[in-house]
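Overview (structure and organization)
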Amino acid sequence: KEPSPAVNTKSTSKKLEVLEEEDEVLNIPNDKVGLISDFCEEAWESLQASENLLIELENNPTSKDLINELFRAVHTVKGGSRLIEVKKIEMLSHELETVLDNVRSDKLILNARLIDISIECIKRISIITDEVAQRGPIKTKINDLILALTSDDPGVNIETENKNELEKANPQ
């Protein structure tokens, strides 16, 4: 089965629901299996850099240099995930990259809420990268974060890392 598509944010209802997500079974082409460890190492480095940049941006949210560096780090992760065909990382990093691009072009202001969502995206991508490293199915959910990134509604809730870990440990 293919993973569920990202949340449709075109809905006009005030209460946007997060769609049910299925696990993503890794379907890495045979000629790219050797790239998994390289991808994971590069992703972990980029994700750590991203988290540090987001912490710096909390104190300096208008720094174009920091925003550009963060964009490049997220872009690197997206590119690697596309190469080995990890759809959940690709989708989540693409949405985060889109938001960061809007911040770079002054279409969006980087506020505390957006920084918090971005940090949670980085944490979630890191958890998924761990799942890729273990060659397991990807059970980590992303639709709540995609919804948060694509919605202007500040009431959209995101799962915290702890809730996500509990869900992974105790699937329904």
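Values in this document were obtained by computation on a predicted structure and should not be read as measured data. (Residues numbered from 1 in each chain as written. Predicted model: local features only at pLDDT ≥ 70, side-chain atom pairs only at ≥ 80, totals over all residues. Heavy atoms only, no water.)

Side-chain pairs of opposite charge can arise where the charged atoms are in close proximity. Overall, the coordinates contain seven salt bridges when judged by the stated rule. Its salt-bridge partner being Lys64, residue Asp106 comes within 2.7 Å of it at the nearest N-O pair. Note that Asp106 is positioned in the loop between helix H3 (87–104) and helix H4 (112–133) and Lys64 in helix H2 (residues 64–83), a separation of 42 residues in sequence. Assessed through its relative accessible area of 33%, Lys64 is described here as partly exposed. (Salt bridge = Lys/Arg side-chain N within 4 Å of Asp/Glu carboxyl O. Helix = DSSP H or I, 4+ residues; strand = E, 2+ residues; numbered from the N terminus. Buried < 20%, exposed > 50% of the residue type's maximum accessible area, 1.4 Å probe, protein only.)

Their axes nearest at 10 Å, the elements H3 and H4 cross at an angle of 155 degrees. When the interaxial angle is binned, H3 and H4 end up roughly antiparallel. Every pair of crossing elements has a handedness; the one defined by H3 and H4 is left-handed. Where H3 approaches H4, its residues Lys88, Ile89, Leu92, Ser93, Leu96, Val99 and Val103 are matched on the opposing element by Leu114, Ser118, Cys121, Ile122, Arg124, Ile125, Ile128, Thr129 and Val132. Class assignment for the residues of the contact of H3 with H4 results in eleven nonpolar, three polar and two charged. (Axes fitted to C-alpha atoms, helices over the stretch in contact; angles between N-to-C directions. Parallel < 35°, antiparallel > 145°, perpendicular 65-115°, else oblique. Left-handed = near helix turned anticlockwise from the far one by under 90°. Contact = heavy atoms within 4.5 Å. Nonpolar A, V, L, I, M, F, W, Y, C, P; charged D, E, K, R; others polar.)

This paragraph deals with H4. Across its 22 residues, H4 extends 32 Å between first and last C-alpha, which sits within 8% of the 32 Å expected from 1.5 Å per residue. Capping of H4 at its N-terminal end is provided by Asn111; its side-chain oxygen lies 3.3 Å from the backbone amide nitrogen of Arg113. Remark: Arg135 follows H4 within two positions and exhibits a positive phi of approximately 60 degrees. (Expected span 1.5 Å × (residues − 1). Polar contact = N/O pair within 3.5 Å; in protein donor to acceptor, adjacent residues only side chain to side chain.)

A few words on the confidence of the model for the protein chain. The predicted model of the protein chain averages 82 in pLDDT, with 77% of residues at 70 or higher. Segment residues 1–18 is flagged for pLDDT under 50; beyond a separation of four residues in sequence, or across chains, it makes 27 contacts in the model. Segment residues 161–172: pLDDT under 50, and 13 contacts once partners within four positions in sequence are set aside and those in other chains are kept. (pLDDT = per-residue confidence, 0-100.)

What follows is about the packing of H3 against helix H5 (residues 143–150). Where H3 contacts H5, the two axes come as close as 10 Å, and the packing angle between them is 15 degrees. Between H3 and H5, the crossing angle belongs to the class labelled roughly parallel. In this structure, the crossing between H3 and H5 has a hand that is left-handed. Residue-level contacts link Met91, Leu92, Glu95, Leu96 and Val99 of H3 to Leu145, Ile146, Leu149 and Thr150 of H5. Residues that form the contact of H3 with H5 fall into these classes: seven nonpolar, one polar and one charged.

Turning next to unusual backbone geometry. In this structure, Glu85 is a non-glycine residue whose phi angle is positive, near 65 degrees. When you line up the elements, Glu85 lands in the loop between H2 and H3. The residue Arg135 is not glycine, and still its phi comes out positive at about 60 degrees. Among the residues examined, Arg135 registers a relative accessible area of 48% and is labelled partly exposed.

This brings us to the packing of aromatic side chains. Under the definition given, this model contains zero aromatic pairs. One Lys or Arg, Arg104, reaches over the ring of Phe71 and ends 3.7 Å from the middle of that ring. (Phe/Tyr/Trp six-rings, centres within 6.5 Å; stacked < 30°, edge-to-face > 60°. Lys NZ or Arg CZ within 6 Å of the ring centre and 35° of its normal.)

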